[in-house]
Each structure stands twice: as structure tokens, then as C-alpha cells.
Amino acid sequence: MRTQVAIVGSGPSGLLLSQILAQHGIESVIVENRSREYVLARIRAGVIEHGGVDVLTEYGVADRLHREGQRHDGVYLQWPGERRRIDFVESCGHSVWVYGQTEITKDMIEIRQAAGQQIFWEVSDTAIVDADTDRPKVTFVDADGNAQVIEADYVAGCDGFHGVSRETIPASIRSVRQRIYPYAWLGILAEVAPSTDELIYALHPDGFAMHSMRSEKVSRLYLQVAPDDDIANWSDDRIWDGLSTRMALDGWSLASGPTLEKSITPMRSFVSAPMRWGRLFLAGDASHIVPPTGAKGLNLAIADVKRLGLALASKINDGSDDLIDRYSDDALERVWQSTHFSWWMTSMLHVPAADDPDRDFLLQMQLTQLHNVTSSPTSMRYLAENYTGAVLPWP
Ligand code: RFL
Ligand code: PHB
């Protein structure tokens, strides 16, 4: 097989890249190691920066988002006895949108397949070869067990944190900077109307808790748990008790409902650089991951992919090397800003381990910081600008 751009991974990065390339008249083939059903059912992010919505709108994949997504103009930060709202619009003139990554993925798969996009589902043994030559290839075994080779002009590694693309770049030229946090998030999706108008991020001595949502009838909630905790230890009753205790506030109560899904996700900050090697370009989680507290992962993926789509279009259609040569450095600038913000939010809101000798001191520092962040207009603006992405560079 021959194509212009071979894309590894059919998550938000790979799907959006194929859409952007198609709009520039460039053909691509996607290979994905999971089934279509699995990818469509995967539950992940929920918050999209206003700039991310602009990109999805510009490339024609945001019609349902505009009909069913919810605009949020603020957020609540909470600690025992206090819940304070930061108004994004007042602080920086921007908002975010709440619309599930699951829905974005569904919309993009439908749009791409209706346009005839070739996607190989359930492939195995994906490998990227000759990426540092003029003839890069993606090899894989298709769902019927046939060995396949895609010869391409360029390869986009959009295969997430556990993919093969990043490791294709020789270790000798790759640098990794990371932090593994001593806690994880237990997330549930529940069939119950949200008990709040805005997202709540709460610090409590028992651990962080958060209330997000997907629609008027479906809520998404998270609890800080130990990184080695087992979901089997968490009955629905224990989860709802934990959420109610950690988000308790006089005059407010948390409504519970049937749990549709529950899982535990470890938390890590991770950046691998560079994001390009020869004709292989990395985008999204394949190159970097952030802890979910800043709601940045999907937004970084959208930003990378717009930058990469424009760079490849400029090279393929106009013969210009400028944007592909700058891709890695330009993308990493936003990656580091979002990595810092996610680390800052995470550090402010997660309780240190019970055996941390500095626990009491650190908890007091977090309370003081939350107080300060929600008191000063300058601090509120810092949070609002970063959370909504107002200060982050969009390509
Ligand atoms: P994905 O979504 O992981 O997609 C990669 C795709 O590649 C496939 N793949 C392979 N295909 C072929 N061959 C191989 N060898 C392959 N290996 C893997 C995978 O099956 C998959 O389909 O990466 P992508 O596209 O870069 O998208 C990144 C986002 O998914 C991620 O950053 C966000 O979900 C992070 N995130 C959040 N981001 C936000 O912006 N806002 C949020 O509110 C937010 N909340 C979250 C989150 C992530 C979470 N989890 C579960 C990690 C909340 C949670 C709990
Ligand atoms: C979500 O809705 O899943 C969500 C929202 C905000 C976050 C993380 C996850 O920071």
C-alpha cells in the first residue's frame, strides 16, 4: 500500500490529523490496534479549551459539540468549609466546553468513515521502519492475520502513551523528563444529574475529590486513591461515601445514581523530546502526558495535531520545510506550559501520603494557596488563563 501520510493510532490525535490532512487534499491511512467498538466506548477527557473548540469547528467536526456540549464560564475550588468560584470570563474573557472525548471520537470516526478514510482496526505487531530515510514504512498484521506494509511520505505517531512510535526514535537522541505522582484517580461515570452547575475541585484531608459531568443526566466524578489501590476495594457505596465526605458543604448534598463505569488511572507528568525523527512525527499522548487535574491532555493533542497538519500540508503542497522543521520546538513550548500548569494544579489539590513526615505542613501550604488563588484577582486570572488556554499558543 502507498499513501502520503501513515497515521498510527485512531484516538483523537490520529482522527483529527486525518481530517485536517484531508481538508488540505492529503491522503492518509490509519492503523489502530483496538476494535472500532473499543475505541468508541473508551471514557476519558471532558473539558476542551475554547481554542480547541475553535480548531474542531474550523475542521468541521464540532457540529454536535455545539448542539450538545456545555459552555462553562467558571470553576469551583473547595476545601473544608469553603467553596469558591473562579469566574473565567470575568478573569480572562474566555470559557471552556464540557463535551466528552468519547463523543468527539465518535463524531470524528463517523465523519472520517463517511468521507472514505481507510482505517485498519484491530491490527497487531505495528512497527515503524526506515523513518530516517525518504521511504518510511508502517508494517503490521491486519485483523485477518495478513502481513501489511504501508509505504508513506511521512508517518504520524498518534498511538498514545503505550504505543510504539515514541520508542522508534533512538534512545541516544531522545530525552525524557517525568514525575510519577504518589497517587491515582478513581473515576466513575454515573447515571445521575450533576449536583453542581460548574466543575468542583476539592481538597480534603482524606484526599482530592472532583465533580464533573457529561450531560444533564450523566455525571463524572473522581477520587484520589493510592496508586496501587485495586478497584475491587471500592464498592459503589464506598465511592459515594468518599465523594460525599470530601465534597461536603453546609446546605449542599451530592446526589448519587447507578454507576456506569469505574476505573483507576495512575498519574504522571511525562515529556519525551524531540517530537520528530526524520519523517516520523509524534503527536498527543505518544509524546507527552499530564496528570488530568489541569484538563490539558486532549487539548495538547488537538494543538499538536493542528500544528502538524499545517506543517505537513505546507511541506507536501508547497515544498516548504519551515513548519516541519519547527514542529517539535514549537509544539514543546505549549507542552511545557501545560505540563507546568497541570503539575501546579495537581500539587495544590492532592493530599500527601499518610506517612509523609511533612504532611501537616504541606496540607497547610495547600490550604493557604487555595485561599490565595481564590482571593486575589491576579491569582484567579493566572488560573483562568491557563485553564481556558487563553495564554497558551495556538498554531
Ligand atoms: P489516545 O487517546 O491514547 O489514542 C491513541 C490510539 O492509538 C492506539 N494504539 C495503537 N494503534 C496501532 N498500533 C499500536 N501499536 C498502538 N498503540 C496504541 C490506541 O488504541 C489509541 O486508540 O491518544 P491521543 O489520540 O494522543 O489523545 C490523547 C487523549 O486521549 C488524552 O490526552 C486525554 O484523554 C487526557 N485526559 C484529559 N484531557 C483533557 O484535555 N481534558 C480532560 O478533562 C482530561 N481528562 C484525561 C482525562 C485522561 C484520563 N485518563 C483515563 C488517562 C481524564 C482521565 C481519567
Ligand atoms: C472530566 O470531565 O472527565 C474531567 C474534567 C476535568 C478534569 C479532568 C477530567 O480536570
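All of the points below concern the structure found in this document. Since the model is a prediction, treat every value here as computed from it, not as a measurement. (Residues numbered from 1 in each chain as written. Chains lettered and ligands numbered in written order. Predicted model: local features only at pLDDT ≥ 70, side-chain atom pairs only at ≥ 80, totals over all residues. Heavy atoms only, no water.)

### A word on helix H11 (residues 359–373)
Phase 1 of the analysis: Taking 1.5 Å of rise per residue, 15 residues should cover 21 Å, and H11 covers 21 Å from first to last C-alpha, within 8% of that figure.
Phase 2 of the analysis: Among all positions of H11, only Arg359, Leu363, Gln366, Leu370 and Val373 are buried. Looking down the long axis of H11, one finds its buried residues gathered within 95° of arc, a one-sided arrangement. Within H11, the exposed residues directed more than 90 degrees away from the buried face are Asp360 and Phe361.
Phase 3 of the analysis: Of the surrounding secondary structure, the elements contacted by the buried residues of H11 are strand S5 (74–79), strand S6 (82–87), helix H10 (322–349) and helix H12 (377–388). (Helix = DSSP H or I, 4+ residues; strand = E, 2+ residues; numbered from the N terminus. Expected span 1.5 Å × (residues − 1). Buried < 20%, exposed > 50% of the residue type's maximum accessible area, 1.4 Å probe, protein only. Arc of directions from axis to C-beta. Contact = heavy atoms within 4.5 Å.)

### Brief notes about the sheet that holds strand S7 (residues 96–98)
Phase 1 of the analysis: Strands sit in the order S3-S7-S4 across an open sheet of three strands; the sheet is antiparallel. With partners counted over all chains shown, the strands left at the sheet margins are strand S3 (47–49) and strand S4 (70–72), one partner each. Neighbour to neighbour, the strand axes of the sheet diverge by 35° on average, direction disregarded.
Phase 2 of the analysis: Looking at chain direction, S4 and S7 are connected through three bridges and run antiparallel. By the bridge assignment, Gln70 is partnered in S7 with Val98. (Pairing = 2+ DSSP bridges. Axes fitted to C-alpha atoms, helices over the stretch in contact; angles between N-to-C directions.)

### Remarks on the packing of helix H1 (residues 12–23) against helix H9 (residues 297–318)
When two helices pack together, their arrangement is given by the angle between the helix axes and the distance between those axes.
Phase 1 of the analysis: Viewed as axis vectors pointing N to C, H1 and H9 meet at an angle of 30°, and their least axial separation amounts to 9 Å. Compared by their axis directions, H1 and H9 come out roughly parallel. Judged by the sense of rotation from one axis to the other, the crossing of H1 with H9 is right-handed. Contact residues: Pro12, Ser13, Leu16, Leu17, Ile20 and Leu21 in H1; Leu298, Ala301, Ile302, Val305, Lys306, Leu308, Gly309 and Leu312 in H9. (Parallel < 35°, antiparallel > 145°, perpendicular 65-115°, else oblique. Left-handed = near helix turned anticlockwise from the far one by under 90°.)

In short, geometric facts, not functional conclusions.
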